[in-house]
Structure formats: C-alpha cells, structure tokens
Amino acid sequence: MGRTSVENTSVQHKESVRTCPFDYAQQLEFDPQLRQLLTEEPVSRIRMAYGEGEAWLVTRYEDVRTVTTDRRFSRSAVLGRDFPRMTPEPIVQAESINLMDPPASSRLRSLVAKSFTPRRVEQMRGGTQRVVDRLLDEMADEGSPADFVARVSSPLPLITICEALDIPEADRPWLRAHAMTMMNVGAAGKEDAVRAKAELRGYFQELTAERRRSPGEDLISTLATARDGAELLDDDELAVMAMVLLITGQDTTTYQLGNIAYTLLTRPELLHSLQAEPARLPRTLEELLRHIPFRKGVGIPRIALQDVELSGVLIKAGDVVHVSYLTANRDAAKFDRPDELDPDRPSIPHMTFGWGAHHCLGAPLATMELEVAFSTLLTRFPALRLDVPPEDIEWNTTSIWRYPLALPVTW
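Let us look at the structure shown here.

Cut-offs applied
Residues numbered from 1 in each chain as written. Predicted model: local features only at pLDDT ≥ 70, side-chain atom pairs only at ≥ 80, totals over all residues. Heavy atoms only, no water. Helix = DSSP H or I, 4+ residues; strand = E, 2+ residues; numbered from the N terminus. Rg over C-alpha atoms; globule rule 2.2 N^0.38 Å. Buried < 20%, exposed > 50% of the residue type's maximum accessible area, 1.4 Å probe, protein only. Contact = heavy atoms within 4.5 Å. Areas by Shrake-Rupley, 256 points an atom, 1.4 Å probe, with all protein chains shown as cover. Pairing = 2+ DSSP bridges. Expected span 1.5 Å × (residues − 1). Polar contact = N/O pair within 3.5 Å; in protein donor to acceptor, adjacent residues only side chain to side chain. Core = buried A, V, L, I, M, F, W, Y, C linked by side-chain atoms within 4.5 Å. Phe/Tyr/Trp six-rings, centres within 6.5 Å; stacked < 30°, edge-to-face > 60°.

1. Observations regarding the overall build of the chain
Next up, step 1: Helix and strand counts for the chain stand at 14 helices and twelve strands.
Next up, step 2: Over its C-alpha trace the chain gives a radius of gyration of 21 Å, about what one expects of a compact globule, namely 22 Å for 411 residues.
Next up, step 3: C-alpha extents for the chain along the principal axes are approximately 65 × 55 × 40 Å.
Next up, step 4: Buried residues in the chain amount to 54% of all 411 residues.
Next up, step 5: Restricting the contact set of the chain to residue pairs at least 6 apart, pairs at least 24 apart contribute 73%.
Next up, step 6: Summing over all exposed atoms, the chain offers an accessible surface of approximately 17200 Å²; the carbon and sulfur share of this is 50%.

This is the structure in structure tokens:
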C-alpha cells in the first residue's frame, strides 16, 4: 500500500494519501487494505488507477449512509470530470439515472419502479423457475461433474433479463461480451471499452425506438409507455435505462450466484441446515449478500457541494467522495461480529444493493432469482459438493467483480 504524507490544514491532524489499486482477489477473503482503512482511517484520501487527482474514501456504515442520502453530495456533479476510478473508461453515461440527483432521479425512479413492483417481480417468478428447471435438467442430463458457472450462474441472469426485455436470443452473447468488456480494469482495454459502450448504446437506441413505435408486453415497452403524470422517459433516457438494466440485471446476479454457491459448498454445515430447513433460505441469502465481498473496490463517486465534516474529517466543497459498501457491510459499529457469516443475525439492512437515491431498483428481481435458483438447486441435488479442492478454484482478476471463473461440482 503506497502512502504519501501531505499536510491537511482543514483537520487537526495530518492526512495521508493512500494508493488504492483495489485489485485484491483471493477467493472471497475480505480485502486487507479496505479492512485497514475501516479500522484505522475510516475517512481517508486515496489515489486510484485511473482518473485525475485524489478522492476521499468513506468506509463506515453511518458515514456511507450520510454521503448517499445527503443532498450536499452530488452524483451529477461528476459529469465532465476525470474522476478517480477503477476502470480506464467510466462505465456510466450522462443520461443514466446513476448520474442524477433528486429530484431529477426521483422522476426516473418513479417511472422505472413501476416495472419492479412486488407484483411484477412475482409475475416473473414463474418464468425464472422454468429457466432454472431447464438449466438444472440440462446439468443433470450432462452428468457429474459439471461446471455450475457455465451451467447455471452465467446463463440464468442473462436469460432472465433478456426475456424480460424481450431481446432476441441471437443477440445475447454479443451483449454479454460487450458488458464484460466495459467492466475490465486493464489500461490496454480502454479503446475496447469505449467502443463497447458506444455499440451497446447504439443497439439500445434502435431497440427502444422500435418498442416506442410498437410496444409489447416486455420491460422496455413498459418503460417506454410508463407515465408519472405527464412525464415519460425521453428517447436518450429510455435507451440508456434499457442498457443499464441489461448490464446490471445480469452482471452482479451472475457473480453472486457463483459466489454464494462457492460459499455454501465450502460450508457444509450451512448447506445442510438449509436443506433441512428450506424456510431459512431468504434470511440466509440476505446474510450471504452482506458477508460476501462481491466486488473489488468502489463504484461511482459523488462530489461534495459544500464543506462537510465526517468522522472528524473535513471534506471540502468540490472534493470527490467515494463510498465503500463493502466496508459498510463489515462495520463492527453496526454489525456484531461482522466478519462471521451468521444466518441468524438480527435483521439489519445491508448495503450490497447500494443505499439512498441510488439503491438498486432491480434488487427485488435479483433476490427473487437467487431464491428460485438455490431453493431448486438444494432440492434437486441434495448431495451436491465441489469436485475439486477449494484452493484449486480459479477466480476472476481482470474486472471490478470477484467471482469464480468455474465451479466444478458433483453429486
């Protein structure tokens, strides 16, 4: 961990600037650098692999909640700035809801939320169950051993979101490849990432224009026709929203399926307890989502619009501020024994799906997919186990996400 001592005249003590590559990917162990920051310097100055200058990193649960809900911190103010980040090309786009502040984001959220109501997600459960059943049938027919990643965790979220968006099956591998290209952290991939983002945008501009002209029953058509009073999504907002749904609707769920499967298969006592008491699954999944470090570092920052003090540190107007949902989920001030995986933990909201105005709108869909996948898997394959030693599992090292590249299982 690189450190350069600098004088900070706004605070009573010296601050240090830490070089944070956020490249730790040892299975699902917690990043020791993030742990150190949480315990030693919960509001710290950092440099990252890409972008100009420095940023603040906020790690404590309550401070993260402040930054993500307080209007003195703005997402939209990052527009036009080469902000510190993990990827060579920023993933988000100007029209994205992820770069809006209330009340502008509230308008889009109210329109999009109509597509993710509990009733709508419950209607999608049957389709998800059919996809899961088919994938597990194919895995059983192929025989043991099988790669859970290739058979289930990779195809399931992509099929689910593409069917919800009514995206032609022939287009799906191309879309998946482009989404993955955007998430890579290697500097050599910048041109590919720029091109992938532009091509994805072009694809969704054409697709959403077609659905605007001739709407169907799919999610894009619902978004195209959803109204909040007189408000509709404009053409650019609709195209970018559909693109965001495609990326976020399959990316994180894919990796969490693999991560959760690995965690259960390396904790047989937890696996057996779920098989004995299936009703424990929803609560256990929430604890798994809290506990698993699903990514390597941070996401989209905010800009302080005025001076704000957090944990005794003065953040100045104009400063870039990153938050860590990973450390918030491991904050001992909020969670007793935070590093333990405790399915009976008292219910405290985790931050895996974000917080505040940018809490993931698709969280109910992701949770439903996980419930369907694992409830069916545990019933269909009661003797499921890893086919290789855990230390032989190969993990992703090239993107912002942490997940097993393959998960050989037998039964």
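So much for the structure itself; the text now carries on.
2. A closer look at the sheet that holds strand β6 (residues 146–147)
Next up, step 1: The strand order across the open sheet formed by three strands is β6-β12-β11, and the pairing between neighbours is antiparallel. Looking at which strands have only one partner, the edges of the open sheet turn out to be β6 and β11 (385–386).
Next up, step 2: In this structure, β11 lies alongside strand β12 (residues 408–410), joined through two bridges in antiparallel fashion. Bridging across to β12, L386 finds its partner in V409.

3. Overview of the environment of V313
Next up, step 1: Relative to the helices and strands, V313 resides in strand β9 (residues 313–315).
Next up, step 2: A relative accessible area of 5% means that V313 is categorised as buried.
Next up, step 3: As a C-alpha pair, V313 and E41 span 272 residues in sequence and 9.9 Å in three-dimensional space.

4. Section: the pairing of strand β3 (residues 43–47)
Next up, step 1: By the criterion of burial, β3 is predominantly enclosed, with four of the five residues buried.
Next up, step 2: As judged from the four bridges shared by β3 and strand β4 (residues 55–58), these two strands associate in the antiparallel manner. Residue pairing in the sheet places V43 in a bridge with V58 of β4.

5. Topic: helix α14 (residues 363–380)
Next up, step 1: Here α14 contains 18 residues, and its C-alpha end-to-end distance of 26 Å stays within 8% of the 26 Å for a straight helix at 1.5 Å per residue.
Next up, step 2: Summarising burial for α14: 14 of the 18 residues are buried, a large majority.

6. Comments concerning the environment of E62
Next up, step 1: Its place among the elements puts E62 in helix α2 (residues 61–69).
Next up, step 2: Classification of E62 by relative accessible area gives partly exposed; the value is 38%.
Next up, step 3: Placed 132 residues apart in sequence, E62 and V194 show a C-alpha to C-alpha distance of 35 Å.
Next up, step 4: A polar contact is formed between the side chain of E62 and the side chain of K334, at a distance of 3.4 Å.

7. Here we look at the nonpolar core
Proteins that are soluble and globular tend to have nonpolar side chains buried together.
Next up, step 1: The biggest cluster of nonpolar side chains holds 106 residues, and the ones touching the most others in it are F22, I167, F204, L246, I260, F374 and L407.
Next up, step 2: Of the residues forming this core, the biggest block, 14 residues, is contributed by helix α10 (residues 235–265).
Next up, step 3: Once residues lying within four places of it in the same chain are set aside, the contact partners of I260 are L285, L288, L289, I292, L370 and F374.
Next up, step 4: By size, the runner-up hydrophobic cluster in this structure holds 19 residues, among which are V58, V64, L310 and V321.

8. A few points about the packing of aromatic side chains
Each aromatic ring pair is characterised by the separation of its centres together with the angle its planes make.
Next up, step 1: A complete count under the given rule lists ten aromatic pairs for this structure.
Next up, step 2: With centroids separated by 3.9 Å and ring planes inclined at 10 degrees, the aromatic side chains of Y255 and Y403 adopt a geometry described as stacked. Here Y255 is found in helix α10, whereas its partner Y403 is found in the loop between β11 and β12, with 148 residues between them in sequence. This pair shows no difference in class: Y255 is buried, exactly as Y403 is.
Next up, step 3: Ring plane angle 90 degrees and centroid distance 4.9 Å describe the contact between Y262 and W395, whose orientation is recorded as edge-to-face.

Geometric descriptors of this kind do not, in isolation, establish any biological role.
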